[in-house]
Amino acid sequence: MSEAVEREAVEHTRQLAADADRVVVKAGTNSLTDDESNLDDAKLDKLVDDVEDLLSRGKDVILVSSGAIGAGQGRIDHPTETVEESQALSTVGQSHLMRRYTESFERYGRKVAQILLTEHDLEDPERFTNFRNTIETLLDWGVVPIINENDAVATEEIRIGDNDMLSSSVAIGVDVDLLVTLTDVDGVYTGNPKDDADAERIEAVGRNYGRVQELIAGGSSEGIGFGGIRTKVQGARDASEHGIPAIIAGSAEPDVLERIATGKPVGTIFVPVNGVTDD
């Protein structure tokens, strides 16, 4: 594959992303909370502002939001050492998280809806059909669906990265046109940019996916401290294997979703797998 073909594929994918009518936007915990795990109002409002950039263009947006456990930690002065305590903490944080989303979206006259899922909801055909029908109805009504992992009942799933894979599964299952994963790292790097001054951002992932996997494998076992980058890359790759463009970008970047919607280079873009780019 020549560099010219790769560049053409990247530019074509950027245009596909810009033209997307239905978008899944996933926001991670670090994109919504401060260093003390309190829900950060400024960060949340900034995310809502970015989502509004897409909504105002007539696009459908499904928001997958982490942050319940983090938001709960900021409100409960109690150490959490067991799974049960983390689950309870998530219920405190989830209600606070949704209250803030409701308030923030109301600035634009938007209504929101909460949907809590587990892997079983995605795997069971009947339950998934019900979920998809609910999503379609909410979007028809102009309501923004906000999805999170149902931590209160998902014993094995309280660990970093769940919502990265959840957002990918939702994107694939409801046939969206674009998956955007917003994180505190503005893309995929050759190393951990927080620790490695020589780390370089990877502009695009296509046929180089194997090399990218090798690079990110140098982090810790679950990618902790590297923006949970492994699961973000895996989720983006899963979407791209179903023909869906995916982008990993920094939540703090100015007008990040508007820049994507206008075809500007942002973060790391995943080229859909097809005969041209991933044969």
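As the structure is a computational prediction, the values presented were derived from the model and not from experiment.

1. A closer look at the UniProt feature "binding site: substrate" (unreviewed entry) in the chain
Here is step 1: Listed under "binding site: substrate" (unreviewed entry) in the UniProt record, and renumbered for this structure, are Ser 66, Asp 151 and Asn 163. The largest pairwise C-alpha distance within this set of annotated residues, which runs over 98 residues, is 10.7 Å, so the set is compact in three dimensions.
Here is step 2: On the secondary structure map, Ser 66 appears in the loop between β2 (60-65) and α3 (68-73).
Here is step 3: Overall, Ser 66 belongs to the buried group, its relative accessible area being 9%.

2. With respect to the pattern of salt bridges
Pairing between side chains of opposite charge can happen when their charged atoms approach one another.
Here is step 1: Tallied over the entire structure, the rule returns 21 salt bridges.
Here is step 2: A salt bridge links Glu 11 to Arg 7, with the shortest nitrogen-to-oxygen separation between them at 3.3 Å. Separated by 4 residues within a single helix, Glu 11 and Arg 7 lie in helix α1 (residues 3-19), roughly one turn from each other.
Here is step 3: Overall, Glu 11 belongs to the partly exposed group, its relative accessible area being 38%.
Here is step 4: Looking at Arg 7, the relative accessible area reads 33%, which means it is partly exposed.
Here is step 5: One salt bridge connects Arg 22 with Asp 60, and the closest N-O pair in it is separated by 3.5 Å. In this pair, Arg 22 is assigned in strand β1 (residues 22-27) and Asp 60 in strand β2, connecting sequence segments 38 residues apart.

3. A short note on the sheet that holds strand β9 (residues 246-250)
Sheets are built from strands that pair by backbone hydrogen bonding, the pairs being arranged parallel or antiparallel.
Here is step 1: Strand order across the open sheet formed by 8 strands is β3-β4-β2-β1-β5-β9-β10-β8, with mixed pairing between neighbours. Either end of the sheet is taken by a strand with one partner, and the two such strands are β3 (111-117) and β8 (204-205).
Here is step 2: Here 2 bridges tie β8 to strand β10 (residues 268-270), and the two strands are oriented parallel to one another. By the bridge assignment for β10, Ala 204 is matched with Ile 269.

4. Examining the UniProt feature "binding site: ATP" (unreviewed entry) in the chain
Here is step 1: The UniProt record annotates "binding site: ATP" (unreviewed entry) at Lys 26, Thr 183 and Asp 184. These annotated residues cover 159 residues of sequence, and their C-alpha atoms all fall within 12.0 Å of one another, placing them together at a single site.
Here is step 2: Examined against the element boundaries, Lys 26 turns out to sit in strand β1.
Here is step 3: Under the relative-accessibility criterion, Lys 26 is labelled buried at 3%.
Here is step 4: When sequence neighbours within four positions are dropped, the list of residues in contact with Lys 26 reads Val 64, Ser 66, Asn 163, Asp 164, Ser 167, Val 180, Thr 181, Leu 182 and Lys 232.
Here is step 5: Side chain to side chain, Lys 26 and Asp 164 meet in a polar contact 2.8 Å long.

5. Examining the packing of helix α8 (residues 209-216) against helix α9 (residues 229-241)
Here is step 1: With their axes 10 Å apart at the nearest point, α8 and α9 run at an angle of 165 degrees to one another. Relative to α9, the element α8 lies roughly antiparallel. For the pair α8 and α9, the crossing hand works out as left-handed. Contacts from Tyr 209, Val 212 and Ile 216 in α8 reach Ile 229, Arg 230, Val 233, Gln 234 and Arg 237 in α9.
Here is step 2: Taken together, the residues that form the contact of α8 with α9 break down as 5 nonpolar, 1 polar and 2 charged.

6. Considering the packing of aromatic side chains
Here is step 1: Inspection of the entire model under this criterion finds 2 aromatic pairs.
Here is step 2: Ring centres of Tyr 101 and Phe 105 lie 6.3 Å apart, and the angle between their planes is 35 degrees; this geometry places the pair in the tilted category. With Tyr 101 and Phe 105 both in helix α4 (residues 83-106), this residue pair falls 4 residues apart, about one helical turn.
Here is step 3: Ring centres of Phe 128 and Phe 131 lie 5.6 Å apart, and the angle between their planes is 55 degrees; this geometry places the pair in the tilted category. One end of the pair is Phe 128 and the other is Phe 131, both in helix α6 (residues 125-141) and 3 residues apart, which spans about a single turn.
Here is step 4: Cation over ring: Arg 237 sits above Tyr 209, and NZ or CZ is 4.2 Å from the ring centre.

7. Regarding the nonpolar core
Soluble globular proteins: nonpolar side chains tend toward being buried together.
Here is step 1: Residues Tyr 101, Phe 105 and Leu 257 are the most contacted members of the largest nonpolar core, which totals 38 residues.
Here is step 2: The element contributing the most residues to this core is helix α2 (residues 41-55), with 6 residues.

Scoring rules and cut-offs
Numbering of residues starts from 1 in every chain and runs along the sequence as written. Reporting of local features is limited, given that this is a predicted model, to residues whose pLDDT is at least 70; pairs of side-chain atoms are given and counted only at 80 or more, and all residues count toward the totals for whole chains, interfaces and linings. Note that water and hydrogens are dropped before the side-chain values are worked out from all heavy atoms of the structure. UniProt positions are given in the numbering used here, feature names are shortened, and annotations may be inferred rather than shown by experiment. Elements are defined by DSSP. Helices are runs of H or I of four residues or more, strands are runs of E of two residues or more, and each kind is numbered from the N terminus. Relative accessibility decides the category of a residue: with a 1.4 Å probe and only protein chains considered, values under 20% of the type maximum give buried, values over 50% give exposed, and everything between is partly exposed. Every case where a carboxyl oxygen of Asp or Glu lies within 4 Å of a side-chain nitrogen of Lys or Arg is listed as a salt bridge. Paired strands, in this sense, are two strands between which DSSP finds at least two bridges. By definition in these notes, contact holds between two residues if any of their heavy atoms fall within 4.5 Å. We call two N or O atoms a polar contact when they sit within 3.5 Å, provided that within protein one can donate a hydrogen and the other can accept it, with sequence-adjacent residues counted only if both atoms are side-chain atoms. Where helices are involved, their axes are fitted lines through C-alpha atoms of the stretch in contact, as for all axes, and angles between N-to-C directions lie from 0 to 180°. Throughout, the term roughly parallel applies to angles under 35 degrees, roughly antiparallel to angles over 145, roughly perpendicular to angles from 65 to 115, and oblique to all others. When the near helix sits turned anticlockwise from the far one by under a right angle, the crossing is termed left-handed; a clockwise turn instead gives a right-handed crossing. Note on residue categories: nonpolar means Ala, Val, Leu, Ile, Met, Phe, Trp, Tyr, Cys or Pro, charged means Asp, Glu, Lys or Arg, and polar means any other residue, Gly included. Only the six-membered ring of Trp is used, alongside the rings of Phe and Tyr, when aromatic pairs are assigned; centres must lie within 6.5 Å, and planes under 30 degrees apart are stacked while those over 60 apart are edge-to-face, with the rest tilted. Criterion for a charge above a ring: Arg CZ or Lys NZ at most 6 Å from the ring centre, at most 35 degrees from the ring normal. Joining through side-chain atoms within 4.5 Å is the link that ties buried Ala, Val, Leu, Ile, Met, Phe, Trp, Tyr and Cys residues into a set, and such a set is a nonpolar core.

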